[in-house]
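# Commentary on secondary and tertiary structure
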Amino acid sequence: MERTAVNPWDWSIKLGYNQAEAIEGATRQLICAGQTAVDANGNPQHAGDMRAQIDLALDNLEAVLKGADMDLGNVVRLGIYATDVDEALKNFDLMGMRFGPHQVAPPMTLLGVTRLAIPGLLFEIEATAAA
């Protein structure tokens, strides 16, 4: 799979994502449901702690990707939902720590929402991956 970044402007690169990516040579695509800070039984974890919830949501996303023989380097698009966008952005260094080693900056959208499906959850991340 070959990824070509498309950035008519460079401001998004400073924030850790590309405006778009042209993907060529992929033969498989994985559409991931939103991942949140839940344990293996679906129980919410880390009430009130955005940073810990982002970290666990990323762990869960990595587990889903691993189940398809992929990793964060295969992610070509992210959709992120947060009940407090400012608090999520304060903790976005976690995104860089996870995606940085894979040298990818997938296009993403971050939306503020009034709540997520399970009360107490603060952050949800969905992904599209290709290989």
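For the structure, see preceding data.
Note that the structure is a prediction, hence the values are computed from the model and not measured. (Residues numbered from 1 in each chain as written. Predicted model: local features only at pLDDT ≥ 70, side-chain atom pairs only at ≥ 80, totals over all residues. Heavy atoms only, no water.)

### What about the layout of surface pockets?
Each pocket or cavity is described by its volume, and for the largest pocket that value is around 310 Å³. Around the largest pocket, the lining comprises 16 residues; the ones closest to its centre are Leu15, Gly16, Tyr17, Phe92 and Met108. Looking at the lining of the largest pocket, the elements with two or more residues in it are helix H4 (93-99) and strand S5 (108-112). When the residues that make up the lining of the largest pocket are grouped by side-chain class, the tally is 12 nonpolar, 4 polar and no charged. (1 Å grid on protein atoms, 1.4 Å probe; cavity = no way out; pocket = protein on both sides within 12 Å on 5 of 7 lines; lining within 4 Å. Points joined across faces, edges and corners; volume = space filled by probe spheres on them. Helix = DSSP H or I, 4+ residues; strand = E, 2+ residues; numbered from the N terminus. Nonpolar A, V, L, I, M, F, W, Y, C, P; charged D, E, K, R; others polar.)

### Points about the environment of Glu87
Along the chain, Glu87 turns up in helix H3 (residues 85-90). Take Glu87: its relative accessible area is 28%, and that puts it in the partly exposed class. Taking the C-alpha atoms as reference, Glu87 lies 27 Å from Asn74; in sequence the two are 13 residues apart. (Buried < 20%, exposed > 50% of the residue type's maximum accessible area, 1.4 Å probe, protein only.)

### Brief notes about the packing of aromatic side chains
Inspection of every chain in the model, using the stated rule, returns 1 aromatic pair. Relative to Tyr17, the ring of Trp11 has its centre 6.2 Å away and its plane inclined at 85 degrees; by these criteria the two rings are edge-to-face. Of the residues examined, Tyr17 reaches a relative accessible area of 16% and is grouped as buried. (Phe/Tyr/Trp six-rings, centres within 6.5 Å; stacked < 30°, edge-to-face > 60°.)

### A word on the side chain of Ser12
Residue position: Ser12 is located in helix H1 (residues 11-14). Residue classification places Ser12 among the buried residues on the basis of a relative accessible area of 0%. Among residues more than four places away in sequence, those in contact with Ser12 are Asn7, Tyr17, Asn18 and Gln19. (Contact = heavy atoms within 4.5 Å.)

### Notes on the environment of Ile31
For Ile31, the location among the structural elements is in strand S3 (residues 29-35). The exposure class of Ile31 is exposed, given its relative accessible area of 60%. On a C-alpha basis, the gap between Ile31 and Phe123 in space is 18 Å, while along the polypeptide they are 92 residues apart. Contacts of Ile31, omitting those with residues within four sequence positions, involve Ala127 and Thr128.

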